[in-house]
Amino acid sequence: MRYSLLAGGKRIRPVLALATAEALGQDTDEVMPLAAALELIHTYSLIHDDLPAMDDDELRRGRPTCHVRFGEDVAILAGDGLFAEAMRLVLERQHGDPERVLAALHEIVDAAAVSGMVGGQYMDVAETAADIRHLHELKTGRLIGASVGSVLMLNGLGEPATISYRRFAAELGVLFQIVDDILDVTGDEEALGKPQGSDERHGKRTYVSVFGLDRARELAAESHRKARTALDEAGGHTARLEQITDYILTRQT
Ligand code: GRG
C-alpha cells in the first residue's frame, strides 16, 4: 500500500479537493482526510487496473507495478486495503457535522461504485460501451468530479448554488481523459512513468483512436474552455482551480 501510494503521482484529486475548499473560503487543512481518501481510492484503482487480468502493465509512477514487486495476491489485497482505509480515514478523521461528512463520503463512494469507476471499468473490460464519453465519465470522470463534489457536500452546499461547480467538475473529468489519451500516444515514457502506447496495444477505444489526434486536441481545447467558463460562473476564490484546469490541459505527464 505504501509502495504504490508514496511512489509519487500528480495528486490531482486531493489537490482539487483542497482547491475547492479554498474556493469556498474554507481552511484547506480541514478537508485533508477527505482529500487523502480520494488519493487512496485512486491508487487502489491503479493497482487493480495494472493486474495481469486487467491491463497487465509493468510500470506505474516510474516503478515496477505493485504485482510485479509483491505478487498478484498481495497487490489485490493492497488495492482492497486502500479502499477500506479510505473509508476509515473519512469516518475516523474528517471533522464536520456528521450529516455533512456522511454526505461527502457518499459522494465519493458513489463515484467509486458501479455507478462510477467500477461501472466504467466494467464497460471497458467487457466492451459494452456504445459511447466512449459515457465510459470515461464513469471510469475516471466521476472520481475527479467527486474531488470537487465531496467538498461541496462537506460545506452543506446543494443545488442550485453549486450547479456551476458541478458543471466544472464534470467537464474537468472529460478534459483529463482526453489529455490522457493524447499523452498515451504523444507522451514520453520516462516522464509519464508508465508505458506509452498502452491503450493501442490493448485495442482500447480512446479519444485518439475514435477521433484522431488533431480532433482530440480540438476536443481538449473545447472542454478546457467549457470548464473555465463554468468556473467563471461559479464565483468564489477560484484562482487555484483555474490553475489546475490549465495544468490538466497542458500537462506532459
Ligand atoms: C480497477 C475498479 C478499477 C478501476 C480502474 C481509473 C481506472 C479504473 C484505471 C486507470 C486506468 C487508466 C490509466 C486510466 C486513464 C486515466 C487515469 C486514471 C490515469 C491515471 O491517473 P493520473 O494521471 O495518475 O492522475 P497519477 O499517477 O498522476 O496519480
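About the criteria used
- Residues numbered from 1 in each chain as written.
- Predicted model: local features only at pLDDT ≥ 70, side-chain atom pairs only at ≥ 80, totals over all residues.
- Heavy atoms only, no water.
- Helix = DSSP H or I, 4+ residues; strand = E, 2+ residues; numbered from the N terminus.
- Buried < 20%, exposed > 50% of the residue type's maximum accessible area, 1.4 Å probe, protein only.
- Polar contact = N/O pair within 3.5 Å; in protein donor to acceptor, adjacent residues only side chain to side chain.
- Contact = heavy atoms within 4.5 Å.
- Patch = residues over 30% accessible without salt bridge, like charges linked within 9 Å, V, L, I, M, F, W, Y side chains within 5 Å.
- Areas by Shrake-Rupley, 256 points an atom, 1.4 Å probe, with all protein chains shown as cover.
- Salt bridge = Lys/Arg side-chain N within 4 Å of Asp/Glu carboxyl O.
- Lys, Arg positive; Asp, Glu negative; His and termini not counted.
- Charge placed at Lys NZ, Arg CZ, Asp CG, Glu CD.
- Near = heavy atom within 4 Å.

### With respect to the environment of Leu219
Working step 1: Mapped onto the elements of the fold, Leu219 is located in helix H13 (residues 213-234).
Working step 2: By relative accessible area, Leu219 is classed as buried at 16%.
Working step 3: Residues Leu219 and Leu175, spaced 44 residues apart in sequence, show a C-alpha to C-alpha distance of 8.2 Å.

### A look at the side chain of Arg251
Working step 1: Note on placement: Arg251 falls in the segment after helix H14 (239-250).
Working step 2: Among the residues examined, Arg251 registers a relative accessible area of 3% and is labelled buried.
Working step 3: Of the polar contacts made by the side chain of Arg251, one reaches the backbone oxygen of Phe176; its length is 3.2 Å.
Working step 4: Within polar-contact distance, the side chain of Arg251 engages the backbone oxygen of Thr253 at 2.9 Å.
Working step 5: Once residues lying within four places of it in the same chain are set aside, the contact partners of Arg251 are Lys10, Phe176, Val179, Asp180 and Leu183.

### Remarks on a negative patch on the surface
Working step 1: A contiguous patch of negative charge on the surface is contributed by Asp56, Glu58, Glu72 and Asp73.
Working step 2: Here Glu72 lies in helix H5 (residues 72-93).
Working step 3: On the accessibility criterion, Glu72 (45% relative accessible area) is partly exposed.

### Some points on the site of the ligand
Working step 1: In the vicinity of the ligand there are 20 residues, among which Lys10, Arg13, His42, Asp49 and Arg61 approach most closely.
Working step 2: One of the side-chain nitrogen or oxygen atoms of His42 is found 2.8 Å away from an oxygen atom of the ligand.
Working step 3: The side chain of Arg61 places a nitrogen or oxygen atom 2.7 Å from an oxygen atom of the ligand.
Working step 4: For the ligand, whose unbound accessible area comes to 700 Å², protein coverage reaches 92%.
Working step 5: Of all the elements in the fold, those that place two or more residues in the shell around the ligand are helix H3 (32-50), helix H7 (117-126), helix H8 (132-154) and helix H9 (163-186).
Working step 6: When residues in the shell around the ligand are grouped by element, the largest group, six residues, is from H3.

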